[in-house]
Amino acid sequence: MIYKRSSALFAEAEKVIPGGVNSPVRAFKGVGGTPIFVKEAKGAYLFDEDDNRLIDYINSWGPMILGHAFKPVVDAVVEKAQKGTSFGMPTEIETKIAELAVSMVPNIDKIRFVNSGTEACMSAVRLARGFTGKDKIIKFAGCYHGHSDSFLIQAGSGASTFGTPNSPGVTQGTAKDTLLANYNDIENVKAIIEANKNEIACIIIEPVAGNMGCIPPKEGFLQALRSVCDQNNILLIFDEVMTGFRLAKGGAQELFNIKADIVCFGKVIGGGLPVGAFAASHEIMDYLAPVGPVYQAGTLSGNPLAMAAGLAMLTELNSNGSIFDSINEKTEYLHRGITKVLNDNKVVHTINRVGSMISVHFDEAEVYDFNTAAKGNNETFKKFFHGLLSEGVYIAPSAFETWFITEALTYEDLDFTINAINKVAKTL
Ligand SMILES: Cc1ncc(COP(=O)(O)O)c(C=O)c1O
């Protein structure tokens, strides 16, 4: 495939945008080469500026669960745009999408809309701190909750459970309030709670991790987290930015039958427009301004175009209950196909999958936390990525990302992909 125009556009972009991109992973630093510039997309396909067609396994990092340019979403946005694009005043559609979201997701009474997953998680943590009157939070190494300061933290040195900043600009003062735990390790969580008695406001977790490849929670892990939170007056926050409205109508809470205290959303809930949201019981949500003391706001929050897109998307997912089964079956088919061709070609690998989230790790050991995910062979991943790209299959340009399957994929697309993987596997 030729990427002449993409390369030229990237060179232009680099002159005026840091690294040529508005979000770092797009820059292909993890795999080398220059990023591909998209011209348009339809259904399961991306069409780039060089007129290559790529089968898309990222889908805007999750939102396009029903495919690109999904007609009900596009129609809803176009219709709304003609009536004005932002008012900074209440609109009826905000209540409509809030009612629908609350009816689909277990255990939430009220929801507040924001503009991104980052904002949702940042606000949820502030609310948890305000509500409990405690400062510290526990997050898991390898989980991503957006780029707010409290989350850009890595494990501290030695025996310390305090985190340290993993980006310049994040202060030590912020880092000291974020404690890092190992995913799937409940004893580690208990030890951290013990060492910080009565100081922890919340535990925030991706109930299925998607930012170190796909990592399922071990049997009983989420239940155990729920119990330790109850025993210690700690709020449990599920970051369902990836899993919400994807793993089931009611997300991971429904799939695993666990109640979180606060749930964060992003991606699918906006149908491809910039939307995030966080939700909880009346009691917790009424702690937010203007009713309660915890401040949170946004000029464009509840924007009519974004709400129209989200409402059209959720309406479709709510009215067609078989979508989740269908997309899971497609992902399972892909899983079986990839396993077969990688085994046939003797490529050492582990595949993790939950519903329509899947990732291929190039290591044979079980992948259950950040350390085991980091053991994957990145050189093999790079070859795999570029090999697939030249076959017209676009997966995330980083070994630490999940593939997001879209319902728009046909079984022919899946067979095409499995054949492409078979070809590429011979070169690994
Ligand atoms: C689980 C999770 N939480 C939060 C975020 C942040 O969302 P956004 O990029 O919309 O700010 C992401 C983004 O990928 C995510 O995967």
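Residues numbered from 1 in each chain as written. Predicted model: local features only at pLDDT ≥ 70, side-chain atom pairs only at ≥ 80, totals over all residues. Heavy atoms only, no water.

Caption draft 1: Structural detail: the pattern of salt bridges. If you walk through the whole model with that rule in mind, you get 18 salt bridges. The salt bridge partner of Glu194 is Lys197, with a shortest N-O separation of 3.8 Å. Residue classification places Glu194 among the exposed residues on the basis of a relative accessible area of 53%. Through salt bridges that share partners, Arg226, Asp230 and Asp261 make up one connected network. (Salt bridge = Lys/Arg side-chain N within 4 Å of Asp/Glu carboxyl O. Buried < 20%, exposed > 50% of the residue type's maximum accessible area, 1.4 Å probe, protein only.)

Caption draft 2: Quick look at the UniProt feature "modified residue: N6-(pyridoxal phosphate)lysine" (unreviewed entry) in the protein. Here the UniProt-annotated "modified residue: N6-(pyridoxal phosphate)lysine" (unreviewed entry) positions come out as Lys267. Mapping Lys267 onto the fold places it in the loop between strand 11 (262–265) and strand 12 (276–280). You can call Lys267 partly exposed: its relative accessible area is 24%. Discounting residues that sit within four places of it in the chain, Lys267 has contacts with Trp61, Gly62, Pro63, Val241, Met242, Gly272 and Val275. A polar contact is formed between the side chain of Lys267 and the backbone oxygen of Trp61, at a distance of 3.0 Å. (UniProt positions renumbered as here; feature names shortened; annotations may be inferred. Helix = DSSP H or I, 4+ residues; strand = E, 2+ residues; numbered from the N terminus. Contact = heavy atoms within 4.5 Å. Polar contact = N/O pair within 3.5 Å; in protein donor to acceptor, adjacent residues only side chain to side chain.)

Caption draft 3: Up close: helix 11 (residues 322–344). Compared with an ideal rise of 1.5 Å per residue, which puts 23 residues at 33 Å, helix 11 spans 33 Å between its outermost C-alpha atoms and is within 8% of the ideal. For helix 11, the full list of buried residues reads Ile323, Phe324, Ile327, Asn328, Lys330, Thr331, Leu334, Gly337, Ile338, Val341 and Leu342. Contact partners of the buried residues in helix 11: helix 10 (304–319), strand 13 (350–354), strand 14 (357–361), strand 16 (403–404) and helix 14 (411–425). Backbone geometry just after helix 11 places Lys346 at a positive phi near 55 degrees. (Expected span 1.5 Å × (residues − 1).)

Caption draft 4: Seen up close, the site of the ligand. By nearness alone, every residue bordering the ligand is listed as Ser116, Gly117, Thr118, Tyr144, His145, Gly146, Glu206, Asn211, Asp239, Val241, Met242 and Lys267. Tyr144 is positioned with one of its backbone polar atoms (N or O) 3.2 Å from a nitrogen atom of the ligand. Within the side chain of Asn211, an N or O atom sits 3.1 Å from an oxygen atom of the ligand. Notes on the ligand: free accessible area 390 Å², of which the protein chains cover 82%. Split into classes, the residues belonging to the shell around the ligand amount to three nonpolar, six polar and three charged. (Near = heavy atom within 4 Å. Areas by Shrake-Rupley, 256 points an atom, 1.4 Å probe, with all protein chains shown as cover. Nonpolar A, V, L, I, M, F, W, Y, C, P; charged D, E, K, R; others polar.)

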